[in-house]
Number of protein chains: 2
Amino acid sequence: MTRRPKVPGRSTIIDVAEEADVSRQTVSRVVANHPRVAPETRLRVKDAIEKLAYRPNRMARALVTRMSLTFGFATVDMQDLHFGDTCAGMQAAAREHGYYLVVTELDTNDNGGMGTLETLLTLGVDGVAIFPSLLDDKTLEQFAATSGCPVVVIGRESKIPNIVSIAMDETAAAELVVDHLVEGGKKRIGVLMNEMFPEVVHGRYVALQRAIEHHTGVESPPVEAGHPKIDEGRTAARVLLEKNPDIDAVVAFNDIMAMGTLLACGDLGLRVPRDIAVVGYDGIPFGAVANPPLTTIVQDSIGMADAAFMALLTCLKDGSPPDGEVLLWQPELLVRASTGLASPRT
Amino acid sequence: MTRRPKVPGRSTIIDVAEEADVSRQTVSRVVANHPRVAPETRLRVKDAIEKLAYRPNRMARALVTRMSLTFGFATVDMQDLHFGDTCAGMQAAAREHGYYLVVTELDTNDNGGMGTLETLLTLGVDGVAIFPSLLDDKTLEQFAATSGCPVVVIGRESKIPNIVSIAMDETAAAELVVDHLVEGGKKRIGVLMNEMFPEVVHGRYVALQRAIEHHTGVESPPVEAGHPKIDEGRTAARVLLEKNPDIDAVVAFNDIMAMGTLLACGDLGLRVPRDIAVVGYDGIPFGAVANPPLTTIVQDSIGMADAAFMALLTCLKDGSPPDGEVLLWQPELLVRASTGLASPRT
DNA sequence: CATTGTAGAGTGAACGTTCACATGGTGTCA
DNA sequence: TGACACCATGTGAACGTTCACTCTACAATG
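Predicted, not measured: the structure shown is a model, and the values here were computed from it. (Residues numbered from 1 in each chain as written. Chains lettered and ligands numbered in written order. Predicted model: local features only at pLDDT ≥ 70, side-chain atom pairs only at ≥ 80, totals over all residues. Heavy atoms only, no water.)

Student: Go over the relation of the copies chain A and chain B with me, naming the residues and quoting the values.
Tutor: With an RMSD of 0.1 Å, the fit of chain A onto chain B corresponds to turning through 180° and sliding 0.0 Å along the axis. Taken together, the rotation angle and the small translation identify this as a two-fold axis. By residue overlap, the copies meet face to face through one surface: 100% of the interface positions of chain A are interface positions in chain B. (Least-squares fit on C-alpha atoms with pLDDT ≥ 70 in both. Contact = heavy atoms within 4.5 Å.)

Student: I'd like a rundown of empty space enclosed by the protein, residues and numbers included.
Tutor: Per the stated rule, a full pass over the model turns up 3 cavities of 30 Å³ or more. If you trace the largest cavity, you find 15 residues lining it, with M59, L123 and G124 of chain A together with M59 and L123 of chain B closest to the centre. Every element with two or more residues in the lining of the largest cavity is listed here: α4 (58-65) of chain A together with α4 (58-65) of chain B. Taken as a whole, the second largest cavity encloses approximately 100 Å³ of empty space. The wall of the second largest cavity is formed by 13 residues, among which M78, G84 and V103 of chain A together with M78 and G84 of chain B lie closest to the centre. Mapped onto the lining of the second largest cavity, the elements with two or more residues apiece are β1 (70-75) and α5 (81-96) of chain A together with β1 (70-75) and α5 (81-96) of chain B. Residue classes in the lining of the second largest cavity are distributed as 9 nonpolar, 4 polar and no charged. (1 Å grid on protein atoms, 1.4 Å probe; cavity = no way out; pocket = protein on both sides within 12 Å on 5 of 7 lines; lining within 4 Å. Points joined across faces, edges and corners; volume = space filled by probe spheres on them. Helix = DSSP H or I, 4+ residues; strand = E, 2+ residues; numbered from the N terminus. Nonpolar A, V, L, I, M, F, W, Y, C, P; charged D, E, K, R; others polar.)

Student: Would you mind going over the sheet that holds strand β6 (residues 189-194) of chain A in detail, with residue names and values included?
Tutor: Residues and elements named next belong to chain A. Taken in spatial order, the 6 strands of this open sheet run β7-β6-β8-β9-β10-β12, and their pairing is mixed. Unpaired on one side and paired on the other, β7 (223-226) and β12 (332-334) mark the two borders of the sheet. In this sheet, neighbouring strand axes are inclined to one another by 20° on average, regardless of whether the strands run parallel or antiparallel. The pairing of strand β8 (residues 249-252) with strand β9 (residues 277-281) spans 3 bridges and is parallel. Looking at β9, one finds that A249 is bridged to A277. Across the sheet, helix α9 (residues 198-216) lies against β6, β7, β8 and β9, angled at about 175° from β6, the strand it touches most. (Pairing = 2+ DSSP bridges. Axes fitted to C-alpha atoms, helices over the stretch in contact; angles between N-to-C directions.)

Student: I'd like a rundown of the pairing of strand β10 (residues 295-298) of chain B, residues and numbers included.
Tutor: All names here are of chain B. Where strand β9 (residues 277-281) lies against β10, 3 bridges are found, and the strand directions are parallel. Across the sheet, the residue bridging to G280 is T296, located in β10. Alignment of β10 against strand β12 (residues 332-334), held across 3 bridges, turns out to be antiparallel. Across the sheet, residue T296 finds its bridge partner in β12, namely L334.

Okay, structure coming up:
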């Protein structure tokens, strides 16, 4: 009766040991399912655990084992369905392997998200996945170098030392989109980009620009940027369309902005897809309910999430930090009504 | 040089102490911004921290202080935008008060979510918010009793010992919806419920049933249930409408299912709102882009999130467990085209 | 019978931190 | 000059675990 449970209701391994009249270590063995415990003892310990509602303290355990069996997942906007897919995928993969995923939203006001990442590390995670990051390559590289754990960045193609990058092949995606539009008879393609995530946007923009030049000969397509929300997308799209009345197709950074574009078209009396085609990226479920349903670039979020998890796990097992590997995923074009009739594709 | 950093790159308070030639405690004081440190020493320590990229180990700290400054937020579906709002709100509130929010998705296959909650506790969180929970009141009560930390349940009106409940006033919401429909001339109201979250659904259903009876005299309105996804909502809505051809209004459990209902109406050649009105709950942004834009019940997610956070914090400060308090929030009706013209409201 | 092996259980130390207290030095005031 | 206060800093213990040992009892072996 010498112990004083400062936090009532939370019992420790010693409480259980006393209750079952064994040592800490024996309780520890029972919890870990260690074979060298007499069946009768095991039963007594299990009863004590049940009786005291004992839950092992993961922090104390992590302190001595130097492994928390926990990964961190940091995203800029938890409400973005696109990230949600990947997050769910990672969570599933983690669970399957006995890991726990701690999800957090990056506070971009706190040093561009770095503050949140630092806090994530202090939590003792064994690895970190970031999707996407607003930080530039150099900052990320330095973060990874001093983090003391493997780091994976999703959604950005750039090759960064100490980091595994997992991204969609933007060149292939742009090719799919532009080829589809041109085959559908569109000639003057406008681009609606995202004013956030400069690193991600840059890759996507450059890829689109190249594909457009390749397919239509136009060197710098009309472009406008806005916040990745429906209303802001609508506003930006209206500007784009008013500045460039000859546009007959808009490629938007994501489905959200594409839906804003649909509204903007309505505002200006343009009919989709007859007067103008609209394409988005991500393949969020709402795209199917848009008016008209949205043609979009789909990526295998679950596959990418799995790969992200396995990359972290592999680095941990090997004990070697990532070395700037880039895993590229092939996109698919999901053709719906916003770009007219489906065109035959190989 | 006696220390061996088993995890290279992660340095401890002792490394910093040696580097700055002071004791652990002095480093600790600098980190905690304690006033009693000589300016010159403080500087030296800060340099050492910077140089070694030292990050205090939150787990070790929590072990001795018995406070992790961390709350857990558990949700059934992270992709549900409605939960996302609340989650973001809690995260903001947490940050403001120096707390960190660990977000996790409940694995309903693992003992109905209880497994995930247990793991959350082993992480050492100081409090838990659940939104929503699939667990029944009794299980929740027992969980809270043995958790050793305050527990808040969001989105359910039930009064549970040891728990603070934060919920929307379902009776008021149902009244708003039904009154609006009836004022718009609708007479035969169907209900589309969610086959998940039985506890939440029950409250909402009963409230709607009462309001419908009160306003139209119909005792048990036609009802169908489905999964809270667009496609499943569409299917269930179609069944509802085919079984009850005289329905002139559908109240759906949430906006997602309401959007499914819009599609079902399209399938059956019904025009919204002329032939049939549709109402949802939650006020997700996509509702505004639906065709037609969706009338919906809006709740103050941020306010509820703040309240949830403050409830946890207060319990912690007072050291008293929650005692079955229920905080009720007033809903608002956001009238859009899916129910016809806006009717004047007080 | 002495030796060896082994199953079952226990013990001290360590993980990285903070708390409560101790220490030594400097300044102030009677 | 002594008494005291106070400032800057250091030390041992503790938080709840697990690891690497050690210990005891008993069975098997020669």
